[in-house]
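Coordinate inspection notes
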Amino acid sequence: MNNNYDIIIIGAGPAGSSAALYAQKLGLKTILLDKATFPRDKICGDALSGKSVRYMKELNILDEMPKLNGSLIKRITFGSPAHKQFDINLSGSNNTGKIKEGFVIPRKKFDNFLFNKAKNITEIKEGFKVIDIIYENKKIIGVEGIKDKRKEKIYAPIILGCDGPNSIISRKLGFQEEDESNIAIAIRCYYKNVKGLTDQIELHFVDEVLPGYFWMFPAGDNVANIGIGLSKKEAKKDKRKLTEILNDVIKSDYFKDRFSESEKMENPKGWSLPLGRIIRPSYGDGFMLLGDAAGLVDPFTGEGIGNAMASAKYAVKVASMAKEKKDYSKNMFSKYHELLWKDIGSELKTSSKLQDLANYRFLLNLVINKAAKSEEIQNIISGMLINEVPKEKLSNPLFYLKILFS
């Protein structure tokens, strides 16, 4: 049987579309499959971090971001349970790196932009629902799916599962487990006319949500992305629904004025985020899992796009090696796991420790209150966020002793 493609990519979100773009650079023949028809919405906070910016720069698409009418982000505001705040200036003098800004772009716009970039360089099937994996002599050789009520088989020696936390590939291979300690749930709602949002994203660790947080992101055109996120385990302990928690924050004395002239644009929508607190199985004979399908969401910030794009880069690199050596074994694809976790593993481990701090109201107040008064502490946190200072420094107990006695 002749394989039609070098790689089948399942899921055309940031991981899948980025994988197609990286594959084109390496001369690999791909096909990109998605059950949706683009443009489509994707429930998310919509933030594109410095890491996402770095990969967009590698793919030569960064210069087109302003055309998408999102928001350019130059500051990050942190708020404590006691409502003390401090700002991190991403373009400040303490940032000696090349990435000095981020973006907030609704996923309906951003994903469609990436999808169309991929569409220009590879074959795509929208409205194609993958229903099964095809094997020959116990080896993966392709997938079977349905489009327009007709079944179709597509063949390739490599499958990239980029289809989110409910990945069909992950489920078919028996990888998915319900682990509430390492899954977050969140809800998003778009609002118009929220006061005080310009070039900053805001993360507020407030009592109404702890040990989660409340976010406020400007999303362009006077629209704000508003939401809350917390672990599934903690959410089950709260008798309130997530929509009730969000309303409690919005109507609180501290935030109600900022929403006094606002207009809700939709009903809040929820989704699950598989957090990178643990290393999940992400490869085997003939396949690799990317992005949310591999559980790569940052536990502290909830951002997943940057790590999804990182996984695309490394998966395609290993796929190219596999093609060259005609080796599609689990051992070959273990190199993907090694490269990816060497890059992001330390960061995810530290972010897990930072997420744990949300369980300690005293520490949150201490760090944010001191940071509001200390440029030195602001610079350390700023450096951590832009990868100029290792995140390990912020999770080291000595750091908090320094804050306590400063």
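Heads up: these notes are all about the structure in this document.

What counts, and where the lines are drawn
- Residues numbered from 1 in each chain as written.
- Predicted model: local features only at pLDDT ≥ 70, side-chain atom pairs only at ≥ 80, totals over all residues.
- Heavy atoms only, no water.
- Helix = DSSP H or I, 4+ residues; strand = E, 2+ residues; numbered from the N terminus.
- Rg over C-alpha atoms; globule rule 2.2 N^0.38 Å.
- Areas by Shrake-Rupley, 256 points an atom, 1.4 Å probe, with all protein chains shown as cover.
- Lys, Arg positive; Asp, Glu negative; His and termini not counted.
- Charge placed at Lys NZ, Arg CZ, Asp CG, Glu CD.
- Phe/Tyr/Trp six-rings, centres within 6.5 Å; stacked < 30°, edge-to-face > 60°.
- Lys NZ or Arg CZ within 6 Å of the ring centre and 35° of its normal.
- Pairing = 2+ DSSP bridges.
- Expected span 1.5 Å × (residues − 1).
- Buried < 20%, exposed > 50% of the residue type's maximum accessible area, 1.4 Å probe, protein only.
- Axes fitted to C-alpha atoms, helices over the stretch in contact; angles between N-to-C directions.
- Left-handed = near helix turned anticlockwise from the far one by under 90°.
- Contact = heavy atoms within 4.5 Å.
- Nonpolar A, V, L, I, M, F, W, Y, C, P; charged D, E, K, R; others polar.
- Salt bridge = Lys/Arg side-chain N within 4 Å of Asp/Glu carboxyl O.

1. Quick notes on the overall build of the chain
Within the chain one finds twelve helices and 20 strands. Here the C-alpha radius of gyration of the chain, 21 Å, is about what a compact globule of 406 residues would show, namely 22 Å. Here the chain has roughly 18,400 Å² of accessible surface; of this, 48% comes from carbon and sulfur atoms. Here the chain contributes 63 positive and 50 negative side-chain charges, whose respective centroids are spaced 2 Å apart.

2. What about the packing of aromatic side chains?
What the rule picks out here adds up to ten aromatic pairs. Three or more aromatic residues link up through ring pairs in this structure, and these residues are Phe205, Tyr213, Trp215, Phe217, Trp271 and Phe300. Over the ring of tyrosine 5 we find lysine 29; its NZ or CZ atom is 5.1 Å from the centre of that ring. Its guanidinium or amino end placed over the ring of tyrosine 55, arginine 54 lies 5.1 Å from that ring's centre, counting from NZ or CZ.

3. Concerning the pairing of strand 9 (residues 129-136)
Looking along a regular strand, one sees side chains alternate from face to face of the sheet. As defined by bridge partners, strand 9 adjoins strand 10 (residues 139-147) across seven bridges and the pair is classed as antiparallel. In the sheet register, lysine 129 faces strand 10, and the bridge partner there is isoleucine 146.

4. A look at helix 1 (residues 14-25)
With twelve residues, helix 1 should reach 16 Å at 1.5 Å per residue; the first-to-last C-alpha distance of 17 Å fits that figure. When you tally the buried positions in helix 1, you get ten out of twelve residues, the bulk of the element. Among all positions in helix 1, only Pro14, Ala15, Gly16, Ser17, Ser18, Ala19, Ala20, Leu21, Tyr22 and Ala23 are buried. Following helix 1 by one or two positions, glycine 27 adopts a phi angle in the positive range, close to 75 degrees.

5. Observations regarding the packing of helix 1 against helix 7 (residues 305-325)
At a minimum axis distance of 8 Å, the contact between helix 1 and helix 7 shows a crossing angle of 35 degrees. Pair helix 1 / helix 7 crosses with right-handed handedness. Residues Pro14, Ala15, Ser18, Ala19, Tyr22 and Ala23 of helix 1 lie in contact with helix 7, whose contacting residues are Ile305, Ala308, Met309, Ala312, Lys313 and Val316. Here the contact of helix 1 with helix 7 is composed, by residue class, of ten nonpolar, one polar and one charged.

6. A few points about the pattern of salt bridges
Where charged atoms from two side chains of opposite charge come close, those side chains can pair. Throughout the structure, instances matching the rule amount to 25 salt bridges. Close ionic contact of lysine 323 with aspartate 6 constitutes a salt bridge, the shortest N to O distance being 3.2 Å. Here lysine 323, found in helix 7, pairs with aspartate 6, found in the segment before strand 1 (7-10); they are 317 residues apart in sequence, far enough to count as distant. Classification of lysine 323 by relative accessible area gives partly exposed; the value is 34%. For aspartate 6, a relative accessible area of 17% gives the class buried.

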